[in-house]
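Coordinates in review
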Amino acid sequence: MTAPSRELIESAQAGDRQAFARLVDEQYAVVFRFALTWCGVREDAEDVAQQACIKLAQNLGQFRFESAFHTWLYRLVINCAKDWQQAQGRHQRERLHGESAEQALAQQTAQGSVETLMFLQSVLAWIAQLGEGFKEAVLLVLGQGLSHKEAADILNVKESTVSWRIHEVRKRIAQWQQDSGSGP
Amino acid sequence: MTDKQNAADAALTRALADAQDTPVDAGAKARAIDAALMEFDRVQKKNTESHQGFWQRWRPTGTLTTLGHSIMELFQRKWLYSGIAAASVAVLTVMVAQQMQHTVVAPELDGAQVPQLNGERRLAKKEALELAESEADYTPTEEVIVTGARLALAKEKGKGKEKPASPVAQQLPAASVVASDSFIEIPSQPQGRDDFEHVDENPVKRVVDSPVSTFSIDVDTASYSFVRRQLNQGVLPQKDAVRVEELVNYFDYDYPLPSTKDTPFSTNVIVSDSPWTAGNKLMHIGIKGYQLSAAQKPKTNLVFLLDVSGSMNAPDKLPLVKQSMELLLSQLQPDDTVAIAVYAGAAGTVLEPTAAKDKQKILTALNQLSAGGSTAGAQGIKLAYQLAAANFEQGAVNRVILATDGDFNVGITNREELKGFVERERNKGIYLSVLGFGQGNYHDHLMQTLAQNGNGVAAYIDTLSEAQKVLVTEATRNLFPIAQDVKIQVEFNPNTVQEYRLIGYETRALAREDFNNDKVDAGDIGAGHSVTAIYEFTPLGGKALIDSPRYTPKNAVTEVEAGPDQGNLLNSEYAFVKLRYKLPGAAESRLLEQPVPPVNTINARTRVAAWVQRETDFATAVAGFAQLLKGGKYTGDWSYDDALALAQASKGADPYGYRTEFVQLVRKAKMAQGL
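All values reported here derive from a predicted model rather than from experimental measurement.

About the cut-offs
Residues numbered from 1 in each chain as written. Chains lettered and ligands numbered in written order. Predicted model: local features only at pLDDT ≥ 70, side-chain atom pairs only at ≥ 80, totals over all residues. Heavy atoms only, no water. Helix = DSSP H or I, 4+ residues; strand = E, 2+ residues; numbered from the N terminus. Buried < 20%, exposed > 50% of the residue type's maximum accessible area, 1.4 Å probe, protein only. Contact = heavy atoms within 4.5 Å. Areas by Shrake-Rupley, 256 points an atom, 1.4 Å probe, with all protein chains shown as cover. Pairing = 2+ DSSP bridges. Axes fitted to C-alpha atoms, helices over the stretch in contact; angles between N-to-C directions. Core = buried A, V, L, I, M, F, W, Y, C linked by side-chain atoms within 4.5 Å. Domains from an automatic or database assignment. Disulfide = S-S within 2.5 Å. Arc of directions from axis to C-beta. Phe/Tyr/Trp six-rings, centres within 6.5 Å; stacked < 30°, edge-to-face > 60°. Salt bridge = Lys/Arg side-chain N within 4 Å of Asp/Glu carboxyl O. Parallel < 35°, antiparallel > 145°, perpendicular 65-115°, else oblique. Left-handed = near helix turned anticlockwise from the far one by under 90°. Nonpolar A, V, L, I, M, F, W, Y, C, P; charged D, E, K, R; others polar. pLDDT = per-residue confidence, 0-100.

Quick look at the overall build of chain A now. The helix and strand inventory of chain A stands at 9 helices and 0 strands. Secondary structure elements in chain A, listed N-terminal to C-terminal, are α-α-α-α-α-α-α-α-α. Put simply, chain A has 184 residues, and 58% of those count as buried. For chain A, long-range pairs separated by at least 24 residues make up 61% of all intrachain contacts whose partners lie at least 6 apart in sequence. With the model as given, the accessible surface of chain A reaches about 7,400 Å², and the carbon-plus-sulfur share is 46%.

Pasting the structure below:
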């Protein structure tokens, strides 16, 4: 995940088709993988990634080098992912997944054999229903390995908010674990 | 509990990390890039268009402070919410995008943007997906071939800023883009004034009514390059810009070289089934000229006539012209000569005839050129011919190469006058080739006319790789004619064929009597050139488009009633093909004749050499595609997908990637059509 050179971005902004093609080519993996952690399904992630690339074409001109390119790019992908989610009307399905997330997490920790993406999807669905912004924070910090500060920049919130969200998620996962551990 | 917490955390982190290692699907990536590029082109185009409108005043300028921005934001937000946004999608896009620049996470505005654009976007995606599905062996390497060549070439020249790209974008030095924190001023560029002649497609003809079809061959390729340029920008070309024969002849076909030196070219007539109309057949007439060895190449005296008027002041014009001329220079023998004349407000000689071995001198002269002023094209042409005449050598190739965007707005602007002038010079032995550049103000018709009357080639150069094709790869064929005034006359047999139509060659039609008249000018074939013409015909008994007349003369009735006589070879032939050509410089033409018996037919059941089926199929795919671009009057249900499949299957070795590029273009046309 190397940041594209300023020169490349500027050429693309100036309308250089080749430069833009290269930019998308270089950044596609970052976009796709983030989308994958968001959606949990390859086909959906590819849809979102494509949408994000289209949006990149529309909005690249507005990037002003006031933040790191990736900060800006993540915002764009998150927006696309949210759009997609709304369009798909996935809320119901997520809630259903949420119920089984507990089981999935137990299985994963116990055996580590459940298909990773399925597991991720159900856990993230569960995280998402904890509240607004939790899923984003987890994906950026735990998934993309960004610092709390970087994630906060992307999400336009205070650093402490990100820290709190991550902490909250960890706390609840633990709680959950404890419950399921003591349960049947 | 701590252990468990760690375990749960670890599982989540591990799962997230695994997702980060997921390999990217190349096909999905390619689709995303394609879709993004399409959007990119659309945005670039829109920027230029909306720039001219009233709404540009609403854009904040670079002098605004942060406060100014936020006021502007509020202001725009108000406009958005009040519903005026619905008035224009284009304006809305710009404004929303503008608004988003400082508060990028703005879902509510995103939402506002979605309804208008979603339809289009989804469509694009759907198209892209369908396309990818329909073409199983699509790989992203194709894209690399198409675009990579240009990049590589541009780099090779070490002039990054001159590399060809969209005209709008390239006009801005990158620095100015960053400096102003606002909308960027784009110099106005003539748009949509490309001039094409409208010609009706050749109609279907009844063999009984007019059994003979006559035309001149055409070796121009300009139409293909123009079409490609349009499609690369995500729009379908205007129908008049598509000349079927030029698309077909853009590609080199692997017909056998002539077996003897007596005739300068081989003639191959192949009949295949029409893919778009069941029961119909296609008759391909393929001509291949012999190849000159280096030693056989005649001495060449070239005069570059370069347009340096103000309209050439675009990165895809004058800089590309210079690079193209440098490429051409590399193909010359040391004792060949080059002179350079330019024209703008006035015409002038930049370089007296200079031997090609004095390369540095020529390059220096080329590089000093810059664009400005109006265009006195006619004066320039006269000057160039004077230079050529001063350096004229009998037996050598004396040729003027005109590079222009076709905007002749000063001096003699009368086309007929120019045409007559070029014709007279041709008869003296000085030929003219025309290289077209740029877009927005391209006078295709004039370029065509000049090149046709000057025994030359009209090519349209949109990229450096196209310059490479025309001036390096195919330099011999474009410089050295081996047969001149090549005319084809086909007589169809009413005993076997009901109807026929010539696909393309509308601008090259000749009268029946012109065939034997050596005074009538026609197209030339260069060394190693291949030319293809395709007829579609309905055999007797097939579904005819034209009703038989109720009343026929008595003698004709008996003829039809007699029907095809199986025992008589003459009566089973489909057609009789005649060719006339002149050797370079000769006044008298020679005649070649060839019957087309049914045995020339190829289809799935016949066993023929691999090249026959492959080359025939590819030519068919290109001809079909071109007809689709022209509206598909005769192609029935045949679609871009069919063109794609047929071309994909018959790409062959494709050493220069031209056919692969064609496959790309078909895909782009399909996408553009969806929008």
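All right, on to the overall build of chain B then. Helix and strand counts for chain B stand at 22 helices and 17 strands. Counting only residues that meet the buried cut, chain B has 58% of its 675 residues in that class. Residue pairs in contact within chain B that sit at least 24 positions apart in sequence constitute 80% of those at least 6 positions apart. In the structure as shown, chain B presents an accessible area of about 27,400 Å², 54% of it carried by carbon and sulfur atoms.

The next subject is the sheet that holds strand β1 (residues 205-206) of chain B. Residues and elements named next belong to chain B. Pairing in this open sheet of 6 strands is mixed, and the strands run β1-β12-β14-β4-β3-β17 from one edge to the other. In the strand order of this sheet, the two ends are held by β1 and β17 (601-602), each with one partner. Two elements, strand β3 (residues 265-273) and strand β4 (residues 281-289), share 9 bridges in a ladder whose sense is antiparallel. The partner of Asn-268 across the bridge, within β4, is Gly-286. On the sheet, helix α20 (residues 610-629) packs against β3, β4, β12 (497-503), β14 (530-539) and β17 and is oriented at approximately 70 degrees with respect to β3.

Further remarks concern the nonpolar core. Counting residues in each nonpolar core, the largest one holds 73 residues, and the members touching the most others are Met-283, Leu-306, Ile-340 and Phe-492 of chain B. Here the element with the most residues in this core is helix α11 (residues 318-329) of chain B; it accounts for 7 residues. Two domains share this core, each providing at least three of its residues, namely domain 2 (205-292 + 482-674) and domain 3 (301-306 + 317-329 + 336-348 + 374-406 + 417-439) of chain B. With residues near it in sequence (within four places) discarded, Met-283 of chain B still touches Val-269, Ile-270, Val-271, Val-490, Phe-492, Ala-533, Ile-534, Tyr-535, Phe-537, Ala-575, Val-577 and Val-596 of chain B. In terms of nonpolar packing, the next biggest core, distinct from the first, is built from 70 residues, Ala-52, Ala-137 and Val-169 of chain A together with Leu-37 of chain B among them.

Residues and elements named next belong to chain A. Using the criterion set out here, one finds 0 disulfides over all chains in the structure. Summary of cysteine pairing: Cys-53 is not part of a disulfide, and the nearest cysteine sulfur, belonging to Cys-80, is at 8.8 Å. Given the relative accessible area of 3%, Cys-53 is considered buried. Cys-80 sits in the buried class, given a relative accessible area of 2%.

Before going further, it helps to examine helix α1 (residues 6-13) of chain A. Residues of α1 of chain A that are buried include every one of Leu-8, Ile-9, Glu-10, Ala-12 and Gln-13 of chain A, and no others. Phi turns positive, to about 105 degrees, at Gly-15 of chain A, one or two residues after α1 of chain A.

Turning to helix α12 (residues 359-367) of chain B, its buried residues are Ile-362, Leu-363, Ala-365 and Leu-366 of chain B. Down the axis of α12 of chain B, the buried side of the element spans an arc of 160 degrees, and every buried residue falls inside it.

This brings us to the packing of aromatic side chains. Residue and element names in this part refer to chain B. Enumeration over the complete set of coordinates arrives at 32 aromatic pairs over all chains. Centre to centre, the rings of Phe-537 and Tyr-574 are 4.9 Å apart; their planes meet at 55 degrees, and the pair counts as tilted. Residue Phe-537 is located in strand β14, and its partner Tyr-574 is located in the loop between α19 (569-572) and β15 (575-582); the two are separated by 37 residues in the primary sequence. Accessibility assignment for this pair places Phe-537 and Tyr-574 in one class, buried. Summarising the aromatic geometry, the rings of Tyr-656 and Tyr-658 are spaced 5.6 Å apart at their centres and angled 20 degrees between planes, so their arrangement reads as stacked.

For side chains of opposite charge, pairing can occur when their charged atoms come near one another. Summed over the entire model, instances satisfying the criterion amount to 32 salt bridges over all chains. Linking Glu-136 of chain A and Lys-82 of chain A is a salt bridge whose minimum nitrogen-to-oxygen distance equals 3.1 Å. Residue Glu-136 of chain A is found in helix α7 (residues 134-143), and its partner Lys-82 of chain A is found in helix α4 (residues 69-88); the two are separated by 54 residues along the sequence. Taking the relative accessible area as the measure of exposure, Lys-82 of chain A reaches 23% and is therefore partly exposed. Through salt bridges with shared partners, a single network forms among Arg-228, Asp-462, Glu-466 and Glu-661 of chain B.

Moving on: the environment of Leu-329 of chain B. All names here are of chain B. Here Leu-329 lies in helix α11. For Leu-329 and Leu-363, which are 34 residues apart along the polypeptide, the C-alpha to C-alpha distance reads 9.0 Å. In contact with Leu-329, other than residues within four places in its own chain, are Val-338, Lys-359, Ile-362 and Leu-363.

Okay, the packing of α7 of chain A against helix α8 (residues 148-155) of chain A next. Residue and element names in this part refer to chain A. One way to put it is that α7 packs onto α8 with a least axis distance of 9 Å and a crossing angle of 135 degrees. Comparing the axis directions of α7 and α8 gives the class oblique. In the crossing of α7 with α8, the sense of the turn from one axis to the other is right-handed. Residues Glu-136, Ala-137, Leu-140 and Val-141 of α7 form the contact with α8, whose participating residues are His-148, Ala-151, Ile-154 and Leu-155. Of the residues belonging to the contact of α7 with α8, the class tally is 6 nonpolar, 1 polar and 1 charged.

Moving on to the confidence of the model for chain B. Residues and elements named next belong to chain B. Per-residue pLDDT for chain B has a mean of 73; in total, 69% of the residues score no lower than 70. Confidence over residues 51-191 falls short of pLDDT 50; this stretch has 217 contacts with residues more than four positions distant or in other chains. Note that residues 556-567 has pLDDT below 50 and, in this model, 7 contacts with residues that lie over four places away or in other chains.

Attention now moves to the pairing of strand β8 (residues 397-404) of chain B. Residue and element names in this part refer to chain B. Where burial is concerned, most of β8 is hidden: 8 out of the 8 residues are buried. Going residue by residue along β8, you find Val-397, Arg-399, Ile-401 and Ala-403 tucked away on one face and Asn-398, Val-400, Leu-402 and Thr-404 tucked away on the opposite face as well. In this sheet, strand β9 (residues 430-437) lies alongside β8 in parallel orientation, the contact comprising 7 bridges. By the bridge assignment for β9, Asn-398 is matched with Ile-430.

Residue and element names in this part refer to chain B. Packing of α20 against helix α22 (residues 658-674) leaves a shortest axis separation of 12 Å and a crossing angle of 30 degrees. Relative to α22, α20 is oriented roughly parallel. Two packed elements cross with a definite hand, and for α20 against α22 that hand is left-handed. For the pair α20 and α22, the contacting residues are Glu-615, Phe-618, Ala-621, Val-622, Phe-625 and Leu-629 in the first and Arg-659, Phe-662, Leu-665, Val-666 and Ala-669 in the second. Its residues placed into classes, the contact of α20 with α22 shows 9 nonpolar, no polar and 2 charged.

The next thing to look at is the environment of Glu-201 of chain B. All names here are of chain B. Relative to the helices and strands, Glu-201 is located in the loop between α8 (174-179) and β1. Taking the C-alpha atoms as reference points, Glu-201 and Thr-507, 306 residues apart in sequence, are found 9.6 Å from one another. With near-sequence residues (within four places) excluded, Glu-201 lies in contact with Arg-501, Glu-506, Lys-630, Lys-633 and Tyr-634.

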